[in-house]
Amino acid sequence: MSHITEVFADEIIKKMHYFYADQLIEPAPNGAIFRAKTDDATITAYRSKKVLFQGRNPEKEARIWQGFDASSSAPTEPNSDPTSQRPNLSSNTSVNKGMTVVQGTHIGSDESGTGDYFGPVTACAVFVHAEQIDMLRSIGIQDSKAIKDDTIKTLAGQLVDMKIPFASVVLRNEKYNTLQRSGWSQGKIKAMLHHTVLEKVREQTKVENGIVPIVIDQFCVPKVYASYLRSEGLSIPDDTHFMTKAETHSIAVAAASVIARLRFVEEMDKLSEELGQTLIKGASQKVDKQIAAIIREYGVGKLDAVAKVHFANTKKAEKWL
Ligand code: MN
């Protein structure tokens, strides 16, 4: 086992954080921004801007980032090193072309609820014509994280009124927990939900539009996304582009984030009504206390129907019982 330590610019460390989003080891050690593990190395990025690569082949992992231009918008294929194990997707899937794609007619997808202990995971894909982009921006469509939940309903209503083609899906907690226990990572669950809604929208819009490029808000390395699909006998459609923070660049992804959030909020309202208490979003310590209250009232079995039980919160709730 060998190691390499190198200092990187904040920008690069941010890109690394996104790049390894699906391979993070949590919690990160003291003083670290994140720690991630790949087949080749464990990567630890410290607030001091030092990044430590250690493991079987740290050189290979470090090489991805050495000499990487911080202004480049392509975190997934930072160099063309043929020995790198990074995404080697076909030429019609890319990250670089994404910036041009978002200016024209395209489909975008996003998900919601993955960071919330209670409630489902939802996903949505939206088809946007080039001519609609300005109008959608003007009504305030943007990343749902920047919009209050009350406003989400109004905005999503406007999208429906405008007859923007979209498809959405809600993965309820029982099903989520079953898949998780059968060995699906959250990354695979997300990939399958994105794929499902993207295919639905493609189906709805294909006659008039032929092949329309797809932009996916990137939550894992494209190669990993492809491997999730492959494990279910599926593949990434042609002309698919992965972008980090896609909701800021693509109005279709932003609109998808709004509808996915709406569906999540609606489901949370329903579950809250059933339980007779307003479920807390997120995964904070407040959530731990609420879990204890639910266990006391309904028994621990109830969690399967309302929560993502593999989250650490389930264990943490024990001390509040
Ligand atoms: Mn997203």
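Our structure is the block above this text.
Now for a look at the structure at hand. (Residues numbered from 1 in each chain as written. Predicted model: local features only at pLDDT ≥ 70, side-chain atom pairs only at ≥ 80, totals over all residues. Heavy atoms only, no water.)

## Describing the coordination of the manganese ion
The criterion, for reference: Keep in mind that water is not among the atoms, so a site may look incomplete; donors are the N, O and S atoms within 2.8 Å of the metal, or 3.2 Å for Na, K and Ca. Counting from the N terminus, the helices are DSSP H or I runs at least four residues long and the strands are E runs at least two residues long. Throughout this description, buried means an accessible area under 20% of the type-specific maximum (1.4 Å probe, protein chains only), exposed means over 50%, and partly exposed covers the range between.
Ligation of the manganese ion by protein atoms is provided by D110 (OD) and D217 (OD), these donors lying 2.1 Å from the ion. Of the two residues, D110 is situated in strand β5 (residues 106-112) and D217 in strand β8 (residues 214-217); the sequence distance between them amounts to 107 residues. D217 gets classed as buried once you look at its relative accessible area, which sits at 10%.

## Some points on the sheet that holds strand β3 (residues 42-46)
Hydrogen bonds along the backbone pair up the strands of a sheet, which may run parallel or antiparallel. Keep this limit in mind: Here, strands pair whenever DSSP counts at least two bridges between them. Every axis in this analysis is a line fitted to C-alpha atoms, fitted for helices over the stretch in contact. Angles between the N-to-C directions lie between 0 and 180 degrees.
With antiparallel pairing, the 4 strands of this open sheet are ordered in space as β1-β4-β3-β2. Two strands in the sheet have a free side with no partner beyond their single neighbour: β1 (2-7) and β2 (32-37). Pairs of neighbouring strands in the sheet enclose a mean axial angle of 15°, with direction left out of account. Direction of pairing for β3 relative to strand β4 (residues 50-55): antiparallel, over a ladder of 4 bridges. Among the inter-strand pairings, I43 is bridged to a residue of β4, identified as F53.

## Description of the pairing of β4
With 6 bridges joining them, β1 and β4 adopt antiparallel strand pairing. Its bridge partner lying in β4, S2 is registered against G55. Taking the residues between adjacent antiparallel strands as the criterion, β3 and β4 are bridged by 3 residues, where K49 takes a positive phi near 80°.

## Here's the deal with the layout of surface pockets
Operational definition: Both site types are read off a 1 Å grid over the protein atoms alone. A 1.4 Å probe that fits but cannot get out defines a cavity, while an open set with protein on both sides within 12 Å along at least five of seven lines defines a pocket; lining residues have an atom within 4 Å of a point. Grid points are joined across faces, edges and corners, and a volume is the space filled by probe spheres set on the points. Ten residue types, Ala, Val, Leu, Ile, Met, Phe, Trp, Tyr, Cys and Pro, are classed as nonpolar, four, Asp, Glu, Lys and Arg, as charged, and the remainder, Gly among them, as polar.
Approximately 1100 Å³ is the volume attributed to the largest pocket. Along the wall of the largest pocket there are 29 residues; nearest its centre are E111, T114, G115, Q186 and K190. Elements with a minimum of two residues in the lining of the largest pocket: β5, α7 (186-209) and α10 (251-275). Classifying every residue of the lining of the largest pocket gives 6 nonpolar, 12 polar and 11 charged.

## So, the environment of S2
Convention followed: In what follows, a contact means two residues having at least one pair of non-hydrogen atoms within 4.5 Å.
Its location among the elements puts S2 in strand β1. With 51 residues separating them along the chain, S2 and F53 place their C-alpha atoms 8.4 Å apart. With residues near it in sequence (within four places) discarded, S2 still touches F53, Q54, G55, P58 and E59.

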